[in-house]
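Here are the chains, one letter per residue:
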Amino acid sequence: MGFLKKLFGKKEAPIEKEFTDEECNEDYELKSKGLENVLGKMHHLVGHAIIPFSIGGAVDMYYFTNHIKGTGFATMELLDPDGNGPKNNRLGTYELVAFTKYDFNENKDTPTPFNRIERKACGFLTAIGMYSSQAVLNPKETIEIPNENEENTCLVLDVYEPDGKKFKIGQREHHLLLCMQIFRSEMDYARQNGSDALFKLLKEKGIYPYSDLDRNPII
């Protein structure tokens, strides 16, 4: 995967099925349980977008602080109650996850390292989430997101199944697609040598699966 084109407006969807409030609420509960089975208890606060993702806004951010050191971010809006949304990759359909080494901070008005990476993660999860309805995104691919007035965001994708735990919504099996921000030199290395080679180096340094770039590139 190469360069992700900038997206504007509503996600492309040929036909949007209408779901009842009851169906949506049941789906939310089952999806929450599925995420918690993999990532531990969900934080009670949610980062709600001002403009809903379904009409072109940002994804809502769901936080997980009881899984690994730091904070996990997950989406819950890519999959509809029927399990449709992203184009099927080789494993099926998915929601997105990302991680920071920083602990969750409830004070959104302070420019802390956590708040900066949380906003950055919201941006790339939103862009990838929108793109996922138009393109097949497979684990181990790299992706580049254009930004205005700053360097492009470089990421590598991976299936996230810690200890073999799979993401399920009720009886339906989906998966979590990790979006990990990396340096351009690391992305180039993955493209030349394969993502598994990069993952090996990142894991040896204790960097995987975190997206924080307040570190030195390993390549």
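Note that the structure is predicted; figures quoted are calculated from it, not measured.

A. Representation of the nonpolar core in the model. By size, the foremost hydrophobic cluster in this structure holds 28 residues, and its most contacted members are Leu35, Leu39 and Tyr160. Sorting the residues of this core by element identifies helix H1 (21-39), strand E2 (61-64), strand E4 (94-100), strand E6 (153-159), strand E9 (175-182), helix H3 (184-193) and helix H4 (195-204) as the ones contributing at least two each. With 4 residues, the top contributor of residues to this core is E9. If sequence neighbours within four positions are ignored, leucine 35 has contacts with Gly40, Met42, Phe64, Ala74, Thr75, Met76, Phe167 and Leu176.

B. A look at the pairing of E2. The side-chain alternation of E2 yields two buried faces, one formed by Met61 and Tyr63 and the other by Tyr62 and Phe64. Inspection of the sheet shows strand E1 (residues 42-47) paired to E2 by 3 bridges, in the antiparallel sense. Bridge assignment links glycine 47 to a residue of E2, and that residue is methionine 61. Note: E2 against strand E3 (residues 71-74), 3 bridges, orientation antiparallel. In the strand pairing of E3, phenylalanine 64 is matched with glycine 72. Hairpin connection from E2 to E3: 6 residues lie between these consecutive antiparallel strands, with glycine 70 at a positive phi of about 95°.

C. Spotlight on the packing of H3 against H4. Put simply, H3 and H4 touch, their axes get as near as 6 Å, and they point 135° apart. The angle between H3 and H4 places the two elements in the oblique class. Here Glu186, Tyr189, Ala190 and Asn193 of H3 come into contact with H4, specifically with Ser195, Ala197, Leu198, Leu201 and Leu202. Residues that form the contact of H3 with H4 fall into these classes: 6 nonpolar, 2 polar and 1 charged.

D. Quick look at the pairing of strand E5 (residues 142-145). Residues Thr142 and Glu144 line one face of E5 and the alternating positions Ile143 and Ile145 line the opposite face, and both faces are buried. In this sheet, E6 lies alongside E5 in antiparallel orientation, the contact comprising 4 bridges. Residue pairing in the sheet places isoleucine 145 in a bridge with threonine 153 of E6.

E. A nonpolar patch on the surface, seen in detail. Residues Ile50, Ile51 and Ile55 make up a contiguous nonpolar surface patch of about 360 Å² in total accessible area. Following the sequence through the fold, isoleucine 51 ends up in the loop between E1 and E2. The exposure class of isoleucine 51 is partly exposed, given its relative accessible area of 47%.

So, how was this worked out
- Residues numbered from 1 in each chain as written.
- Predicted model: local features only at pLDDT ≥ 70, side-chain atom pairs only at ≥ 80, totals over all residues.
- Heavy atoms only, no water.
- Core = buried A, V, L, I, M, F, W, Y, C linked by side-chain atoms within 4.5 Å.
- Buried < 20%, exposed > 50% of the residue type's maximum accessible area, 1.4 Å probe, protein only.
- Helix = DSSP H or I, 4+ residues; strand = E, 2+ residues; numbered from the N terminus.
- Contact = heavy atoms within 4.5 Å.
- Pairing = 2+ DSSP bridges.
- Axes fitted to C-alpha atoms, helices over the stretch in contact; angles between N-to-C directions.
- Parallel < 35°, antiparallel > 145°, perpendicular 65-115°, else oblique.
- Nonpolar A, V, L, I, M, F, W, Y, C, P; charged D, E, K, R; others polar.
- Patch = residues over 30% accessible without salt bridge, like charges linked within 9 Å, V, L, I, M, F, W, Y side chains within 5 Å.
- Areas by Shrake-Rupley, 256 points an atom, 1.4 Å probe, with all protein chains shown as cover.
- Salt bridge = Lys/Arg side-chain N within 4 Å of Asp/Glu carboxyl O.

Purely spatial values, then, with no claim about function.
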